[in-house]
Amino acid sequence: MRAAGLDFTIEPAAIDEAALKREYCAAGRDASACAMALAEAKARAVAARHPGALVVGADQILVADDEWFDKPADLAEAMAQLRRLRGRDHILVTAVCAIRGEMRLWQAIAAPKLTMRSFGDGFLALYIKAEGEAVLGSVGAYRLEGRGAQLFARIEGDHFAILGLPLLELLEFLRGPGVLGE
């Protein structure tokens, strides 16, 4: 967003993401609905602390064959996730919404499809060693903007959404009347 010329502040929202995911799974809701609920809950939590501010919240859920993946807790879990994803397709459901006060002004969902190539355990070990704990901040244990690009055979969809935010759609909203202007 900074590279796109936007001035903003990052403020984490203290919400119980795991509880919301459990609730949506138990109710049989899909990952898109859950990702949007998480994005909105984050935006609302921050908006409550900043009345009148435009707050953008986002979240991402990785889905492979109806299994939802979270950010790995440690490097062993990162390796296990990547082993389960290699040679398979998955979807990165990326949701974003904008809140001002109590009102949701805008929302969008993107669902890029990624095909991870088959790679050996030796490559995986080198990848984890090179990337280190940086992979713990990414759902699926990869960062496409870095060495993670080497994990993939094919990518279909919005590159920015894969990185965590459907930026072009957000910029279109922000250029609209009453937000940032045209």
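Preceding this paragraph is the structure being described.
Reading guide: rules and limits
Residues numbered from 1 in each chain as written. Predicted model: local features only at pLDDT ≥ 70, side-chain atom pairs only at ≥ 80, totals over all residues. Heavy atoms only, no water. Salt bridge = Lys/Arg side-chain N within 4 Å of Asp/Glu carboxyl O. Helix = DSSP H or I, 4+ residues; strand = E, 2+ residues; numbered from the N terminus. Patch = residues over 30% accessible without salt bridge, like charges linked within 9 Å, V, L, I, M, F, W, Y side chains within 5 Å. Areas by Shrake-Rupley, 256 points an atom, 1.4 Å probe, with all protein chains shown as cover. Buried < 20%, exposed > 50% of the residue type's maximum accessible area, 1.4 Å probe, protein only. Contact = heavy atoms within 4.5 Å. Axes fitted to C-alpha atoms, helices over the stretch in contact; angles between N-to-C directions. Left-handed = near helix turned anticlockwise from the far one by under 90°.

S.K.: It is not clear to me how the pattern of salt bridges should be interpreted in this structure. Could you clarify?
M.R.: This structure, assessed with the given rule, holds 15 salt bridges. Among the ionic pairs, glutamate 17 bridges to lysine 42, the shortest N-O distance being 3.6 Å. Of this pair, glutamate 17 sits in helix H1 (residues 17-26) while lysine 42 sits in helix H2 (residues 31-49); the two residues are 25 residues apart in sequence, bridging distant segments of the chain. What emerges from the salt-bridge pattern is a single network uniting Glu17, Lys42 and Asp59.

S.K.: Is there a simple way to explain a nonpolar patch on the surface in this structure?
M.R.: A cluster of nonpolar side chains, namely Phe160, Leu163 and Leu168, defines an oily patch on the protein surface of about 270 Å² accessible area. Judged by relative accessible area, which is 52%, leucine 168 ranks as exposed.

S.K.: Could you clarify how one ought to interpret the environment of leucine 82 in this entry?
M.R.: Within the secondary structure layout, leucine 82 lies in helix H3 (residues 75-85). The class of leucine 82 is buried, set by a relative accessible area of 0%. For leucine 82, the residues in contact, after removing those within four places along its chain, are Met116, Phe119, Leu124, Tyr127, Ile128, Gly140, Ala141, Tyr142 and Leu151.

S.K.: I tried to follow the packing of H1 against H2 on my own but got confused; where do I start?
M.R.: For any two helices packed against each other, one specifies the inter-axial angle together with the distance between the axes. Packing of H1 against H2 brings their axes to within 10 Å, and their N-to-C directions diverge by 150°. By crossing handedness, the relation of H1 to H2 is classed as right-handed. For the pair H1 and H2, the contacting residues are Glu17, Leu20, Lys21 and Tyr24 in the first and Ala33, Cys34, Ala37, Leu38 and Lys42 in the second.

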